[in-house]
Each structure stands twice: as C-alpha cells, then as structure tokens.
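Here is what each chain is made of, one letter per residue.
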Amino acid sequence: MDQAFIRKLTDIIVANLENEQFGIEGLVHQMGMGRTTIHRKLRAYTQLSLSQFIREVRLQKAHEMLQQNIGTISEISYRVGFGSPTYFDKCFHEYYGYPPGDVKRNETGIKSQVFDKPDLLHLQQNEAEERKTKFPASFYLKHGHALFIATAVIAVLLLTWFVYSIYSKNTDVPLGSDINQIEKSIAVLPFINLSDNTDNHFFADGIAVDIRDHLSHIQGLKVISGTTSEHYRGSPMTMPEIAEKMGVCYVLEGSSRINNNMTRVSVKLVDARNDRMLLSETFDREISDIFSVQSEIAQRVSDKLEVVLSEAEIKQIEKIPTKNVAAHILYLKGRHFCNQRNRESLTTSLGYFEKSIEADPEYAMAYAGLAEAYYIMTLNFHIPPPEGFKKAKKYARKALEIDPDLAEAHIVIGGVYAWSEWQWEKARMEYLLTIKLNPNYSTAYSSYAELLNLLGQNEEARKQINIAIELDPLSRVINYLNMRLYYDQGKFQEALKAWNEYTEMGLTYFNPYPYYMYIYMYLGEESLAYHSFYNYLLTDTESLVYKDEIQKIYEKFGTHGLLE
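We now turn to the structure provided with this report. Residue positions are counted from 1 within each chain, in the order its sequence is given. Only residues with pLDDT of at least 70 are given local features in this predicted model, and only at 80 or more are side-chain atom pairs given and counted; all residues enter the totals for whole chains, interfaces and linings. Side-chain numbers come from the whole structure's heavy atoms, not from hydrogens or water.

**Some words on the packing of aromatic side chains**
- Each pair of aromatic rings taken from Phe, Tyr and Trp, with Trp reduced to its six-membered ring, is defined by centres within 6.5 Å and is described as stacked if the planes are under 30 degrees apart, edge-to-face if over 60, and tilted in the remaining cases. All chains considered together, the criterion is met by 19 aromatic pairs.
- Summarising the aromatic geometry, the rings of Phe337 and Tyr352 are spaced 5.7 Å apart at their centres and angled 5 degrees between planes, so their arrangement reads as stacked. Of this pair, Phe337 sits in helix α15 (residues 325-338) while Tyr352 sits in helix α16 (residues 343-359), and the two are 15 residues apart along the sequence.
- Each residue is placed in one exposure class: buried if its accessible area under a 1.4 Å probe, protein chains only, is under 20% of its type's maximum, exposed if it is over 50%, and partly exposed if it falls in between. Residue classification places Tyr352 among the partly exposed positions, given a relative accessible area of 21%.
- Measuring from centroid to centroid gives 5.9 Å for Tyr375 and Phe389, while their planes differ by 55 degrees, and the two rings are tilted. One end of the pair, Tyr375, is in helix α17 (residues 364-379); the other, Phe389, is in helix α18 (residues 385-402), with 14 residues separating them in the sequence.
- An aromatic cluster of three or more residues is present, and its members are Phe88, Phe92, Tyr95, Tyr96 and Tyr98. Put simply, DSSP H or I for four residues or longer makes a helix, DSSP E for two residues or longer makes a strand, and each gets a number counted from the N terminus.

**So, the nonpolar core**
- By nonpolar core we mean a set of buried residues, namely Ala, Val, Leu, Ile, Met, Phe, Trp, Tyr and Cys, connected to one another through side-chain atoms within 4.5 Å. Residues Leu406 and Val412 are the most contacted members of the largest nonpolar core, which totals 58 residues.
- Broken down by element, the residue count for this core peaks at twelve residues, all from α17.
- Judged by nonpolar contacts, the second largest core, of 35 residues, contains Val223, Leu252, Phe291 and Ile297.

**A short note on the pattern of salt bridges**
- Only one rule defines a salt bridge in this text: a Lys or Arg side-chain nitrogen within 4 Å of an Asp or Glu carboxyl oxygen. Overall, the coordinates contain 20 salt bridges when judged by the stated rule.
- Arg276 is the partner of Asp271 in a salt bridge, and the nearest nitrogen-oxygen pair spans 3.7 Å.
- The partner of Lys497 in a salt bridge is Glu501, with the nearest N and O atoms 2.7 Å apart. Of this pair, Lys497 and Glu501 both sit in helix α24 (residues 492-504), four residues apart, which is roughly one turn of the helix.

**Thoughts on helix α23 (residues 476-488)**
- Look at α23: 18 Å from first C-alpha to last across 13 residues, which is about the 18 Å you get at 1.5 Å a residue.
- For α23, the full list of buried residues reads Ile478, Asn479, Tyr480, Leu481, Asn482, Met483, Leu485, Tyr486 and Tyr487.
- Contacts were defined at the residue level, with two residues in contact if any of their heavy atoms lie within 4.5 Å. The inward-facing, buried residues of α23 contact α21 (442-454), α22 (458-471), α24 and α25 (513-522).
- At the N-terminal end of α23, a side-chain oxygen is found 3.5 Å from the backbone nitrogen of Val477, two or three residues along, and the residue is Ser475. A helix is expected to span 1.5 Å multiplied by its residue count minus one. Any pair of nitrogen or oxygen atoms within 3.5 Å is treated as a polar contact; in protein, a donor-acceptor pairing is required on top of that, and neighbouring residues in sequence qualify only through side-chain atoms on both sides.

**Quick look at the pairing of strand β6 (residues 276-286)**
- At least two DSSP bridges between two strands are needed for those strands to be called paired. Summarising the sheet, strand β5 (residues 262-271) and β6 pair through ten bridges and their orientation is antiparallel. Considered in β6, the bridge of Lys268 is made with Ser280.
- Linking two consecutive strands that pair antiparallel, namely β5 and β6, is a turn of four residues; a positive phi of about 50 degrees is found at Asp275 within it.

**Structural notes on unusual backbone geometry**
- Positive phi is not limited to glycine here, since Phe381 has a value of about 65 degrees.
- Position of Phe381 relative to the elements: it lies in the loop between α17 and α18.
- According to the relative accessible area criterion, Phe381 is exposed, its value standing at 68%.
- Non-glycine residue Trp422 carries a positive phi angle of around 55 degrees.

Structure, rendered in structure tokens:
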C-alpha cells in the first residue's frame, strides 16, 4: 500500500512535469487527501518532505531523459519543470554528485556515479524483496575478507560523521556565515490594513512579521529584516526598484481586512528580477485560524522559490505560538513599541507584554519580548543594571521553559552573560545557538560581532557585522556598530566612510559630530576635527556661550587642547 501511494504521487508529478508552477498545492488537490496526511505518510516511507519529493522526481526524470539523449540539457531542464537551466544544473549536481553533462560519461565508465538514488519512477511491488540480493555461499567464502574490511571502513566513516555532527553543534563558525552566497533572497514588506478600524494595523503588521519570521528560519533563504523593510512602507517605488535597493530577488507584499470574526489576507509574491508575479492568492478564514494561514503562506512562498525544507523547518513553520489571538495582538503592540528603543516606548511595551502574558500565561514569545525590553532598558541606563539584567534573564528563562528553541530568548541570555556576568564563552555559545535557530536574525550577528570585538577577534567580528548589514542594511544600531568596529580596530578611513553613509541615510539617533571629531583627530585632520566639534556646540545652546573661548584654545593648543 505504501508503494502504491508513492507511485500515485509520482504519476501525478510526472503528468504535470512541464508545468513549472505545479507544486504542493496541485499535488494535494489531485491526490484528494489532506496535506498533513500526505506529508505524514510520505515522511514515514521516504523521509522526504513534499517539496523534496517533487524535486527528486523531477531530477530523476531529467536523469532518465539525459540517458535517452532526447534533448539538450536546457531543453530537458524546462521539460521537467525547472524555470532556469542554471538552477537545474545546480540542483542536479547537488543531488547526483556530478553535473548533467556527465550522465553519458558515467555510463561509459569515464566517471563513476557518486550516489545510488532510490528509483522513484519505477517502484515495483516486490521492491523490498529485490533489494535483499542473495549471493551463493561461495561468494561469501571468496569475498568475506573484503566484505569485512568494507564494513569496517563504513563503520569508521559513520563514526567520524557522528563525531563531526556532535562537534559541529559547538563550532565557532555560525551556520549563517555564508549568507552572502545564498541565491534565494526575499523581503517581506509591511502589510496594508484594509479594515475600517485603523487600530487593526497591528494585526496586518503581525501577519507580515510572522511570515517573515517563518521564512527567516529557513537555511537556504536570505530574508531582509523588518527594520529595513519598514522603510518602504507605502513607498511609491516599483517592486524591482525596492528589491534592488534591498539587494533581494523576490518581494512579498500583502494586505488584511477584518470583518467581525473573519479576516481576508491577500498576498503577492513578485520575482523582482523579471518583474513577474509568482503567487497571488487570497485567504478567507476565521481570525482564530490566522496562524495556520501564515504558515501556509510561508510554505507556499518556499515552494515557489524552490527551497527545500527540512523536517525541523517544516515543524517550525507549522508551530502555533498561542491559541489566544488577543494575546498575540497585545504581543504585537508590545513588539511595535519595543522596536522604537526610547524610554517611553520601552516602558509602554512592558505593559503590552504583561497583558499578553495575562491573556495566555504559556505564550513564550511574550516572555521573550518582556526579557528584551528589560535588557534594552538596562543597556540604555533606564533601569539599574543589577535589577534590569536580573529581570531580563528571569523572563528569558521562562520563555525557554515553554519553548527551548526560541532564538529571541537565547540572545537575551547571551547578552546577560556578556555584559553583566562577563562569562564570555557562555555568551558565545548562546549567540551561536541563536544564529543556528534563526540564520536570518540580524541582531544575533551584530551582538556576536560586538562580543568578538571585545575579545579582540577582529577578523571574525568584521565577518559577523557584514552579515548583519547584509540582512538589515537600514538598521541604526547595526550601522552604528559597524562604524564602532572600524574605529576600535584603528581603521579610521573605513570608520569615516561608514559614518558618512550612516549620517547620509538619516539613521543617526544622536549627535554624530563627536565621532567625526575623534575620527578626524586620528586621521590628522585638525581643521575638520575642530569644525566637527564646533558643529556639536551649535546643537547645544548652553555651550554656545563658550564658543569664543573654545576658538582661542583651539588656535593655541589645537584639538588636543579642547579634549583637556
């Protein structure tokens, strides 16, 4: 029955092979079964997700066509549903271990096939029995020694892999360190609130935030942070223009409308490079089902981008954080005010996070939000450090009791270790774990870079801050830290360039001239250093009374006299 089920899935895929748009949705529809049921049965028999299975059938059919020499590689790539021959070549090479052009050479013995793939196209009822190949007794007598050696070698390799996999969990090289090499990149723009009630914009924003968060946990996808996406809310720019500004290939936009207990969510996925619509759908559901809608949208986006999801990633996407929509909306309001980063907004965010927890005491994200708010307020000296760090750690621990894989809580724990308890290695491990859990979490990379800078590991710190900028190019905090890292490392020309870009983008949230003064001093630009200091005085009316005196000090002693 299992093999009949797999054959039916395969036959449907082969029948729709040339349709590039055919994916999970079409397969589920033609099977006439629930998506969850199909997914569970498929995983039990093949250990593959639906998207992986579709791709493997396409690739095996391509391999068969190449063997039969019925077309060029490009022609075959389109015939098996790949929209790009380049992408087909990449997927084929990853799957078989050699490029499509080597298929015929493999048959002639010039190059041996690296992997023996299960044949999904020609499953037989007696497949299980056929795999148990029987050999005569003389074979074992003749080749027993060789078989023993081969078995021992395989055992050693398996043991090596096992040890490596355990060790790699604790490596200092973050899983996101190759983020710049990821081909699939996307920005999720703020969703538009089409409800009559303007207060429902929190609900619309929340949908975009949650979809972005789902996509952020996918290893093969680069997702631009919400901080940068927010700059393009209501922008008159076209999708290709926005994508070019953010350095992404794809853009997702959407809207939501609430009517009583129902909501309508509409989304559009655009291939910005070709200005081509890949997905345009509307979901009419009850508000209580919004989390399932968000998960479904995230999976459909990943299907359209041909990103293969692991079992852990599917589990993360399908996770329901709370069954209480009211608690979620309160959390979103808290998140909104927490992101503004000033004393008043942070204090407001505490109230919303606390109300969210009252509505659902088991809502892990609300505890994580509370922990982050206390942590930021402590760093900004709005709360005495011992008290603030203690509360931040307390609520982060509570969040992890509910959800041990919550990246937003681990990063707070790492921050407390780094800046309160001075436990550098524990902080390092928390930051690395955060990046592993969410490979698109820009704040995790910048926080880790700050720790590495403190420890004098400048080269690795630079790598991490570059990744953070790639994911969140318009973040004030990250761009400020970028300049500070150059400055602390004595790279003053680079610091000046970074600071100029920072101020030109309008990202400064405090007076930029003191840093200009110090940078110019180290560069030996006395006049520019003085003018930066003078401009700083112009922003402070109380200091203006000293401008003549300061001018005399500068003329007599230079900028060093001003510092004294």
